[in-house]
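Below, each chain spelled out in residue letters.
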There are 4 protein chains.
Amino acid sequence: MRTPVPEYLQEVLNDCVGLGEGAVADYIPELAVADPDVFGIALSTVDGRTYSVGDDEREFSIQSVSKPFAYAAALTDRGLERVAQTVGIEPSGEAFDELSLETDSHRPKNPMINAGAIATHQLLGGEGASPRDRTDRILEFCSRLAGRQLTIDRSVAASELATADRNLALAHLLRNYGVIGGDAHEVVSGYIDQCSILVTVRDLGVMGATLANAGAHPVTGEQIVSPPVARQTLSAMAAAGMYNGAGTWFSEVGIPAKSGVSGGLLGSLPGQVGIGVFSPRLDAQGNSVRAVEVCRRLSADMGLHLMEAETYGSTVLRGVVAGEDETVISLQGVVQFTGAEVVLDHIQDLTIDSPTVVFDLQRVDRFADVGRRMILEGMRRLVLDGNRVVLDDPEGTLPDPDLGDGTYPELRSMTFAAREPRV
Amino acid sequence: MRTPVPEYLQEVLNDCVGLGEGAVADYIPELAVADPDVFGIALSTVDGRTYSVGDDEREFSIQSVSKPFAYAAALTDRGLERVAQTVGIEPSGEAFDELSLETDSHRPKNPMINAGAIATHQLLGGEGASPRDRTDRILEFCSRLAGRQLTIDRSVAASELATADRNLALAHLLRNYGVIGGDAHEVVSGYIDQCSILVTVRDLGVMGATLANAGAHPVTGEQIVSPPVARQTLSAMAAAGMYNGAGTWFSEVGIPAKSGVSGGLLGSLPGQVGIGVFSPRLDAQGNSVRAVEVCRRLSADMGLHLMEAETYGSTVLRGVVAGEDETVISLQGVVQFTGAEVVLDHIQDLTIDSPTVVFDLQRVDRFADVGRRMILEGMRRLVLDGNRVVLDDPEGTLPDPDLGDGTYPELRSMTFAAREPRV
Amino acid sequence: MRTPVPEYLQEVLNDCVGLGEGAVADYIPELAVADPDVFGIALSTVDGRTYSVGDDEREFSIQSVSKPFAYAAALTDRGLERVAQTVGIEPSGEAFDELSLETDSHRPKNPMINAGAIATHQLLGGEGASPRDRTDRILEFCSRLAGRQLTIDRSVAASELATADRNLALAHLLRNYGVIGGDAHEVVSGYIDQCSILVTVRDLGVMGATLANAGAHPVTGEQIVSPPVARQTLSAMAAAGMYNGAGTWFSEVGIPAKSGVSGGLLGSLPGQVGIGVFSPRLDAQGNSVRAVEVCRRLSADMGLHLMEAETYGSTVLRGVVAGEDETVISLQGVVQFTGAEVVLDHIQDLTIDSPTVVFDLQRVDRFADVGRRMILEGMRRLVLDGNRVVLDDPEGTLPDPDLGDGTYPELRSMTFAAREPRV
Amino acid sequence: MRTPVPEYLQEVLNDCVGLGEGAVADYIPELAVADPDVFGIALSTVDGRTYSVGDDEREFSIQSVSKPFAYAAALTDRGLERVAQTVGIEPSGEAFDELSLETDSHRPKNPMINAGAIATHQLLGGEGASPRDRTDRILEFCSRLAGRQLTIDRSVAASELATADRNLALAHLLRNYGVIGGDAHEVVSGYIDQCSILVTVRDLGVMGATLANAGAHPVTGEQIVSPPVARQTLSAMAAAGMYNGAGTWFSEVGIPAKSGVSGGLLGSLPGQVGIGVFSPRLDAQGNSVRAVEVCRRLSADMGLHLMEAETYGSTVLRGVVAGEDETVISLQGVVQFTGAEVVLDHIQDLTIDSPTVVFDLQRVDRFADVGRRMILEGMRRLVLDGNRVVLDDPEGTLPDPDLGDGTYPELRSMTFAAREPRV
């Protein structure tokens, strides 16, 4: 049997390829000559699988799609507080190249507009970073997310630099307000290098899936950014990623996203998927016509929408088996607040006749911090009620199981031979 | 053992009760005399449990917190398309009582600002509804969500009507542009009745949990609004629910929310919880000081954040047991896209030696439409590969299991006695 | 010989009658049925002559052209300071019916937009004025300016009241901010009565000439408003009278003006003329197409432009005749700063050999306050230099000629028989 | 006798010197070190006299006060139409350094804001002008207006160039929109040179008086700019010269003006005076505190206000002497529309019994075009009525007295010996 997912993607591609309107961006000469009909789609799951169709190996310059990644890198390099001094996180309600500085602080309103992206670029690589360091940092960062060494398209960069008056205006304005230091032209040059990094839709899919996966690379498992940084980046995308119409995008599509002038589009749905689409024809707002439609279809057909997060708390409790000697409580998946709440509520109503209560954690993927604290509290209370609590956690999924009073539950030795094999 | 959730809530309440700043709204005389120190918190899970602490039985007028519910009712009564002709869904970037009409259409930008709420109120109860019908409709609708008969505080309504110049201005303006018809004063009077519905934080918790539960009441299971309506309402709350600072709220709290001038706050996190808070001291933006802090705490301490939706696809595949005669594939929880994808990807790699493949759906809560289609497609392919596919679905969780070619998988008869009891 | 001025006006009318574009205002039913081809022009000099061509006796409702007059009446009734608390004098940069309230004070930005005009109307007739008093006041005031009893068109007023939602919105908003008190609907009703006063272009010409003549009626000489009120009213017209494009109007036409939705236009050029034009076809900004063009022509062809005020100081000194016994210094026209400066500068260089200096003021029209002070100071200095100063001022044009030290110049007795006859 | 005007100015200076609030501009280092207490006032009449008090010989950098002069020079070099393609003439309602570009054309809204001034500077010296040519042009132009060779303060220019980020931002933005061409940094450098021209308040007084005198230098009589250019420049000053509060300035002061960040202020009242004030302490809007107050005083005390243009038409008719042989009609001053209208209206009512009508033009200063046309038309009609018309115009004040039909009035030979001497 072959999974039908690629065929679903192909169907979406077929349905959207007919959209012939829109025009290739013409204000950057090198982009103006792009083939308007190239079209590729990739979808990566947080479990590490990437599906793709169309021109999925075609490289294109990342342009504004680099903005969330530069923001994530700057957050990593400088911390949320320092970055927040330089750039806000409010929707601007304006076009991508508007100035949109906040009234008093003169901070750019968010990192997804050019002013904010230039200010963000200047934060890369830490306090004393040289222009070269900043470019190296973002290239290395994106390469790690993509899982391969990316390169910069020098001819695109040169072409953009020749028509960079608006970005130079922004940089001078930011310098004027003290939002950035250094040489205005160097910052713009570095920012244009960032925009000229070459990617494929498969790269974008994996990069988006990393953000969707709380910052952990879905294939290598490497924690490239911390969960709070991933969350902040996704929030910025949700608030300000799509030019204009943030609310409409939110309700109609509901996938945090960022589009770029070369025709690329990145989507990232927390806990679910990363999406990469490429089609150079743009609508009046500067979003890729087909890429927008692809997202609309994925949201409508596949229920990929931020507000359609399904009830998943109840599946955390895999089962309870009450024996004479022991009552085995099995958990599974990711244990966060609502899952732990289900477990504790269930235990609360249990009549436990056996002297021992075993928590079988073999199928737990991960404990969120709150889930860990709640389950440990439940164990502590069972101990207080006179039960003997045993932990069956051969992989140590529940770190540091201190019950809060310096005592620890007993650990089951690895003697069970016949475990049900993990899927 | 007692679940520690109430104690967690109490801790949050204790930490926030010290926030003494902010002032009771004074522009409505009846609200100005409110006790500023009342404080209650409720949290309802989509599984139907409500926890609450503090003044959790104190009734207060719902005020602007009624806006998302009126929007949901109007969407239900008129449909998304008709409502979209009257009111948009974009953040306004302005204070709650600003006019914020769209430039060309003169639609109010969203249903969370007063202009939009007045226009939304006028849609209630269908085409020919009288002013009385509209008031009856919203009262009945909110009562169903709360699970009890709510009432209108007539003295608050009278007090607001006496100082309703701004809302009258909005209503006349909307009439001027043809956004609403009828008598301007009657609409405002009805809207003020809507704002004067009395609720408790426990009511708000359950009402929010219904939205979070795709429109199905978490206790009664009644589908009060359709999933698309619930999604649209949550989207509107996320885009425009909190006055000003939508992006900051998004990143720092990440719970779609709506606050009201009496000090109430509603939160609703899809798939997880509904939240109700009440504390009348307001900050300069008109949000309850303590209620905002409570949400911040719940988000930070309990990981309740839209962008922290955890990976849950992998738990859908409960297990695969390969026997000589049959291979049993067990699913569980809610099967949507990412879950179905995990299942199909897993089957793809299986070497199936048995003639029969059984899909055990006894622990499945629900199939999302895309999940149903994908699993059926998987079955169809297994049949094409020469397998005999059997469905073990005693409760009919998978509706109309047509394999797409008019054939159906075989249904396992209800003969197995010794099932593992469902939790 | 007949003066060619009427023929000039006829030529302007003939040139502009061909402008067929524009449409009659349609949002007020009663205005929508107006004959679009009616066309009249009147021009009144500050000396009291009125020239007119076309449909110069056709009455039409004054509409927004009433705004400067209501402002002048309110300034007269309440004083500049009190009026300034209620309404500003800044251009709004917005369409006539925008809200345009100032950010902090919530004052309407100027009295020429509807919000400001409604607030101004409420000031009419003094503190305790009833709605009826306010209507009576503006009708009486406009009648005095026009020099005949004007009436209100009740069918126009009724028609406007039926579609007054926007003005009602403005009135409620103003009440909300405490800018106006009383009943919102009564104020709007009174304001609509004001807009329904019937005038002809000849009326407007004379009314405009009164403002141009520092508030003195050019025919009767009655001082209807004080010079500061006339000045303030003209300033408001210059800053905000023409919808949009204040700067363009200023540079291209340069005549303080106010247009109305019925197609009327008032112009008033200080010291020179009042203008009334009527043609109901409006452009997109709501200004009469032909009336705007008429003003353009009058400005271009006749040099009627605020910035073309000609040097007139030098004509104030009619002549100096040095005789053996007396030196006669003759003044004429209006003596303000630049005129008095010319006189004093000239005297300064004179070698006066005669014992007596006579100031012949028989041809002086009027002394501005500064002119009076300067000429008296010159006389005082001549006395200090040892001269005998005599005043030939049979009509008492120079009031209270106190030389500043309690002494007065000698007055020439009316004995000269053979004066040159005054023109 | 000495004219009291200098003493009036001294009194104004004494009254304003006490205003100690405000601070020297600090964003340009070289300006920050200015002596805050320097204070000078100059007033120049259109007749060519300049009065001044205080630090009237102190040079300071002209800064933004150069803007109207650069605009006048650009209008002269390129024509109104070409300049209008580059810069508008609408008030911006914003601070001096806001971008304020028009929505569609991207033209700066007016030449008085920095964006407009930079765009205007680029127009100087004609199509192919080099950066050096532009600087030379504005220096030469201002020198001619001032009547002496001005110089550029190189240390101020260098200081401004080092902190020119905002102007560089504006220049890049203007280049981005194609409003300006050439190198952004060169334009800004040239503009800063323009701002660094050194002037005294006496210079500004004479420069302003030239604009007030329809472009003719009040001392030399040289026509430095054409009357339409002077008018357009004054209109721009009136519409947008004072930062913020254009309407308030208009009503309270009523003198077209322009202020600069070094503390200079230029005023120009058509037909009357030019004003120069210097005092470096600035208010929050960037206007000199004392200079603003000086203008207020000059307006209030001396009636120098655009809306106080006095009736001057009536003085044009000096007198009519009816003799047996000839009727002599004497004119004087500047004959524009209202003056000619008075003359023609008077003749119309005359019963002329003599065969000859003499027009005595010996005291006429100048005919405005409309005045010339009207008087000639009057003569033509007298001829048609059978009169013999004779012109007594020894200085040829009435150019080309063609009666419209190829005939000319008879010219009186220069035989009269005993003319009354011209004042």
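Residues numbered from 1 in each chain as written. Chains lettered and ligands numbered in written order. Predicted model: local features only at pLDDT ≥ 70, side-chain atom pairs only at ≥ 80, totals over all residues.

**Observations regarding the overall build of chain A**
Our working definition: A run of DSSP states H or I qualifies as a helix once it reaches four residues; a run of E qualifies as a strand once it reaches two. Both are numbered from the N-terminal end. Counting other C-beta atoms within 10 Å of a residue's C-beta gives its exposure: the residue is buried at 20 or more, exposed at 12 or fewer, and partly exposed in between, where C-beta atoms are placed from the backbone. Contact between two residues is assigned when their C-beta atoms, built from the backbone, lie within 7 Å.
Within chain A, the secondary structure is distributed over 15 helices and 12 strands. Counting all 423 residues of chain A, 60% fall into the buried class. Pairs at least 24 apart in sequence give 68% of the contacts found in chain A among residues at least 6 apart.

**A look at helix α1 (residues 5-16) of chain C**
Convention followed: Helices are assigned an expected span. That span is 1.5 Å times one less than the residue count.
Here α1 of chain C spans 17 Å end to end across 12 residues, near enough to the 16 Å set by a 1.5 Å rise per residue. In this structure, the buried side of α1 of chain C is in contact with β1 (40-45), β2 (50-54) and α13 (289-302) of chain C together with α14 (337-349) of chain D.

**Digging into helix α13 (residues 289-302) of chain A**
Residues and elements named next belong to chain A. Over its 14 residues, α13 runs 20 Å from end to end, which matches the ideal 20 Å to within 8%, given 1.5 Å per residue. In terms of burial, α13 is largely enclosed, as 10 of its 14 residues are buried. Among the residues of α13, those classed as buried are Val289, Arg290, Ala291, Val292, Val294, Cys295, Arg297, Leu298, Ser299 and Met302. Backbone geometry just downstream of α13 places Gly303 in the positive-phi region, at approximately 60 degrees.

**What about the sheet that holds strand β5 (residues 257-259) of chain B?**
All names here are of chain B. Filter applied, for reference: One bridge is not enough; two strands pair if DSSP finds at least two bridges between them. The axes used here are C-alpha line fits, helices contributing only the stretch in contact, and every angle between their N-to-C directions lies in the interval 0 to 180 degrees.
Judged by pairing direction, the sheet is antiparallel, and its 5 strands sit side by side in the order β2-β1-β7-β6-β5 without closing on themselves. The sheet is open, and its two borders are formed by β2 (50-54) and β5, each paired with just one other strand. Averaged over all pairs of adjacent strands, the angle between strand axes in this sheet comes to 10 degrees, irrespective of strand direction. In this structure, β5 lies alongside strand β6 (residues 264-269), joined through 3 bridges in antiparallel fashion. The residue of β6 that forms the bridge with Ser259 is Leu265. Sitting on the sheet, helix α13 (residues 289-302) touches β1 (40-45), β5, β6 and β7 (273-278), and the angle it makes with β7 is about 150 degrees.

**Brief notes about the sheet that holds β2 of chain C**
The strands making up a sheet are joined through hydrogen bonds of the backbone, oriented either antiparallel or parallel. All names here are of chain C. The 5 strands lie next to each other as β2-β1-β7-β6-β5, forming an open sheet whose pairing is antiparallel. On the outer flanks of this sheet lie β2 and β5 (257-259), each paired with one strand and no other. In this sheet, adjacent strand axes meet at a mean angle of 10 degrees when their direction is disregarded. Summarising the sheet, strand β6 (residues 264-269) and strand β7 (residues 273-278) pair through 6 bridges and their orientation is antiparallel. Residue pairing in the sheet places Gly264 in a bridge with Phe278 of β7.

**Details of the interface of chain B and chain C**
Much of the literature gives interface size as the accessible area that the parts lose upon coming together. Selection criterion: Residue polarity follows a fixed list, in which Ala, Val, Leu, Ile, Met, Phe, Trp, Tyr, Cys and Pro are nonpolar, Asp, Glu, Lys and Arg are charged, and the others, Gly among them, are polar.
Listed by partner, the interface residues are 10 residues for chain B and 9 residues for chain C. In terms of residue count, the dominant contributor to the side of chain B that touches chain C is helix α8 (residues 165-176) of chain B (8 residues). Residues that form the side of chain B that touches chain C fall into these classes: 5 nonpolar, 2 polar and 3 charged.

**Some details on the relation of the copies chain B and chain A**
As a reminder of what qualifies: What sets the superposition is a least-squares fit of C-alpha atoms, and only residues with pLDDT of at least 70 in both copies go into it.
The two copies are related by a screw motion: chain B maps onto chain A through a turn of 180 degrees and a shift of 0.0 Å along the axis, at an RMSD of 0.1 Å. The two molecules are tied by a two-fold rotation axis, judged by turn and shift. Here 100% of the contact residues of chain B are again contact residues in chain A; the copies associate through an equivalent surface.

**Section: the domain arrangement of chain A**
This is how it is decided: Domain borders in the structure are assigned automatically or taken from a domain database.
For chain A, the assigned domains are domain 1 (4-302) and domain 2 (317-411). Taking the mean C-alpha position of each, domain 1 of chain A and domain 2 of chain A sit 42 Å from one another.

**With respect to the relation of the copies chain B and chain C**
If you rotate chain B by 180 degrees and push it 0.0 Å along the axis, it lands on chain C with an RMSD of 0.1 Å. When the interface residues of chain B are mapped onto chain C, 90% of them again lie at the interface, so the same face is used by both copies.

**What about the interface of chain B and chain A?**
Counting from both sides, the interface comprises 77 residues of chain B and, opposite them, 77 residues of chain A. Those elements that provide at least two residues to the side of chain B that touches chain A are α11 (227-240), α12 (246-252), α13, β8 (317-322), β9 (326-335), α14 (337-349) and α15 (369-384) of chain B. At 9 residues, the largest contribution of residues to the side of chain B that touches chain A is made by α14 of chain B. Its residues assigned to classes, the side of chain B that touches chain A comprises 33 nonpolar, 28 polar and 16 charged.

**A closer look at the environment of Phe250 of chain C**
Mapped onto the elements of the fold, Phe250 of chain C is located in helix α12 (residues 246-252). Between the C-alpha atom of Phe250 of chain C and that of Ala239 of chain C, which follows or precedes it by 11 residues, the distance is 8.8 Å. Once residues within four sequence positions are removed from consideration, Phe250 of chain C is found in contact with Ser235, Ala238 and Ala239 of chain D.

**Re the UniProt feature "binding site: substrate" (unreviewed entry) in chain A**
All names here are of chain A. Stated formally: UniProt positions are given in the numbering used here, feature names are shortened, and annotations may be inferred rather than shown by experiment.
Annotation from UniProt places "binding site: substrate" (unreviewed entry) at Ser64, Asn114, Glu160, Asn167, Tyr191, Tyr243 and Val261. Locating Asn114 in the fold gives a position in helix α5 (residues 114-121). The exposure class of Val261 is buried, given the 24 C-beta atoms found within 10 Å. Beyond its immediate sequence surroundings of up to four residues, Val261 is in contact with Ala25, Leu31, Gln63, Ser64, Leu282 and Gly286.

**Digging into the pairing of strand β9 (residues 326-335) of chain C**
Residues and elements named next belong to chain C. Using the following cut-off: Clockwise travel from the first strand over the helix to the second, with the strands pointing away from the viewer, marks a crossover as right-handed.
The element β9 is extensively covered by neighbouring structure, given that 8 of its 10 residues are classed as buried. As judged from the 9 bridges shared by β9 and strand β10 (residues 356-367), these two strands associate in the parallel manner. Paired with Gly333 across the strands is Val364, a residue of β10. Handedness of the crossover joining β9 and β10 through helix α14 (residues 337-349): right-handed.

**So, the pairing of strand β11 (residues 388-392) of chain D**
In summary, the side chains of a regular strand alternate between the two faces of the sheet. All names here are of chain D. Alternating positions in β11 separate cleanly, Val389 and Leu391 being buried on one face and Arg388, Val390 and Asp392 remaining unburied on the opposite face. Taken together, the 5 bridges between strand β10 (residues 356-367) and β11 define a ladder with parallel strand orientation. Its bridge partner lying in β11, Thr356 is registered against Arg388.

**Some points on the packing of α1 of chain C against α13 of chain C**
Residues and elements named next belong to chain C. As a reminder of what qualifies: Each angle gets one of four labels, with under 35 degrees taken as roughly parallel, over 145 as roughly antiparallel, 65 to 115 as roughly perpendicular, and the rest as oblique. We call a crossing left-handed when the near helix sits turned anticlockwise from the far one by less than a right angle, and right-handed when that turn is clockwise.
Running from amino to carboxyl end, α1 crosses α13 at an angle of 135 degrees, the nearest separation of the two axes being 10 Å. Accordingly, the angle class assigned to the pair α1 and α13 is oblique. You can see that α1 and α13 cross each other, and the crossing is right-handed. Here Val12, Asp15 and Cys16 of α1 lie close against α13, whose contacting residues are Arg290, Glu293, Val294, Arg297 and Leu298.

**What about the packing of helix α5 (residues 114-121) of chain D against helix α8 (residues 165-176) of chain D?**
Residues and elements named next belong to chain D. At their nearest, the axes of α5 and α8 sit 10 Å apart, and the two run at 65 degrees to each other. The hand of the α5/α8 crossing is right-handed. Together, Asn114, Ala115, Ile118 and Ala119 of α5 and Asn167, Leu170, Ala171 and Leu174 of α8 make up the contact between the two elements. For the contact of α5 with α8, the class distribution of residues is 6 nonpolar, 2 polar and no charged.

**Focus on the environment of Pro131 of chain B**
All names here are of chain B. Along the chain, Pro131 falls in helix α6 (residues 131-146). Taking the C-alpha atoms as reference points, Pro131 and Ser189, separated by 58 residues in sequence, lie 8.5 Å from one another. Not counting residues within four places of it along the chain, the set of residues in contact with Pro131 comprises Glu186, Ser189 and Gly190.

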